[in-house]
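# Breakdown of the fold
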Amino acid sequence: MKVNKNLMILSVLLVFAMVFGACQAAPAAPAAPAAEEAAPAAEAAPTEAAAEEAAPAEAASGAALICVIVPPVENPFFGAMSEIAAAKATELGYETLQLVHDDDANKQMELFETCIARGASAIILDNAGADASVAAVQKAKDAGIPSFLVDREITQEGVAVAQIVSNNYQGATILAEYFVEMMGEEGNYVELTGRDTDTNAHIRSQGYHDVMDEYPTLTMVAQQTANWSQTEAYGVMESILQANPDIKGVIAGNDTMALGAQAALLAAGRDDVIVVGFDGSDDAIQSIMGGELKATSLQPVAEMANQAAIQADAYIKSGSTDKPEKQSIDMVLLTPENACQYKTFAPTGSTDPCEVVK
C-alpha cells in the first residue's frame, strides 16, 4: 500500500511539472513568426541602401540625352547644323550624341535604334529622305521619343513634333530674280539640281523656274543632278561645258554644287560665266567676296538649329512647344553688297560696307 501511495504521489508530481513547463513555454511560441517577419526587413535593407548608392551614380552618368542626326558633315551646311544644335542642347543642360546618316535611310534607322536603346529624350534630325525617313521618326514616336526635324521635311504630318525649315521656295525665287538680272534677262544657262529624294531639291527648282520661265529669252540648255556634291558638280560641269560652250550662267541647288561648277569653269578659263548657289555657307561667302560666285540664298541654319533644341527642351519639360508642327523661316539674298556681314549662316551684326577683293 505504501508503494502504491508513493507511485501515485510521483505521478501527480510529473503531471504538475509537465503542465507547469507547458505554461512557461507557451509565450515563446509566437517568436517564430516574428523571426519570419524580420527576414523581409533584413532583405529590404540592402535594396534601400542600393537605391541610395544608385542615385549618385545616375546623376554622375549625365543629364538627359538629345541625339542630333544629320547628313554628311563634309558639307559645311550640315556640319554647322549639327554643331549649333548640339551646342544649344548642351547649354540647356542636356548630354548630346552627334551622328551622321550619310543620306542613307537604312543607316538612319540604325542610328534611331541606337538613340532609342540609349533612352534619348529627343531626336533632332536633318533627314535622309522625305518618304524613307517616316518609318524611323514613327519608330521613335512609338518608343515615346519626340523628333524635331530641321531643314528637310518628311511627307507625313503628325509623326514629328516639329518640322522647322527654311522657306526654300521664297529663297529660290529671290535668288532666281537676281540671277535673271545678272543674266540681263537673256542667254543660255544650266541648272544643277540636288538629290532627287530630297523634297528641297524639287522646291528650289520649282522656285527657280516660276521666275525664270517668265523670260522667253532665257534658255535652259542642260539640267542635271550633282546630288549636292561639290566633286560630282565639277565633273558634271566639265561634261556640260563641252557640249554647251556658249553657256552664260549656272544656277545650282546648293552652294557645294555651285562651288564645284565654279571650279570647273575657272579651270576651263571661263570666269565670265555667272554662277549662283543656295545655302549661304562661309565657303560661298568667301567666293562671293573673292569675285567668283555672284550670289547665294542664306538659309537661317543657326535659327533652325537653335529652335529645334529650344523646342525639344520645352516639349521634354511640358509636353508641348506651343508652336505648330510646320514652321518656315524666310531666307536672305547674299550678294557682294552684303555677304561680308554674315558668317556661320547668321548675321554678324556688322553694318560695314563689303568690298570684293579678287
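A few points on the structure. (Residues numbered from 1 in each chain as written. Predicted model: local features only at pLDDT ≥ 70, side-chain atom pairs only at ≥ 80, totals over all residues. Heavy atoms only, no water.)

## What about the sheet that holds strand β4 (residues 147-150)?
Spatially, six strands are ordered β2-β1-β3-β4-β5-β11 in an open sheet, and the strand pairing comes out parallel. The two strands at the open ends of the sheet, each matched to only one other strand, are β2 (95-100) and β11 (326-329). In this sheet, neighbouring strand axes are inclined to one another by 15° on average, regardless of whether the strands run parallel or antiparallel. Bridge analysis of strand β1 (residues 65-70) against strand β3 (residues 122-125) gives four bridges, and the strand direction is parallel. If you follow Val68 over to β3, its bridge partner there is Ile124. Set on the sheet, helix α11 (residues 301-318) makes contact with β1, β3, β4, β5 (162-166) and β11; between it and β5 the angle comes to about 165°. (Pairing = 2+ DSSP bridges. Helix = DSSP H or I, 4+ residues; strand = E, 2+ residues; numbered from the N terminus. Axes fitted to C-alpha atoms, helices over the stretch in contact; angles between N-to-C directions. Contact = heavy atoms within 4.5 Å.)

## Description of the pattern of salt bridges
For the structure shown, the criterion picks out twelve salt bridges. A salt bridge links Asp198 to Arg152; the shortest N-O distance between them is 2.8 Å. Of this pair, Asp198 sits in the loop between β6 (187-193) and α7 (199-212) while Arg152 sits in the loop between β4 and β5, placing them 46 residues apart in sequence. The same class applies to Asp198 as to Arg152, namely buried. In this structure, the salt-bridge partner of Asp313 is Lys317, at a minimum N-O distance of 3.2 Å. Here Lys317 and Asp313 lie together in helix α11, a separation of four residues that amounts to about one turn. Its relative accessible area of 62% is what places Lys317 among the exposed residues. When salt bridges that share partners are traced, they join Asp103, Asp126, Asp151, Arg152, Arg195 and Asp198 into one network. (Salt bridge = Lys/Arg side-chain N within 4 Å of Asp/Glu carboxyl O. Buried < 20%, exposed > 50% of the residue type's maximum accessible area, 1.4 Å probe, protein only.)

Distances and angles like these do not, on their own, reveal function.
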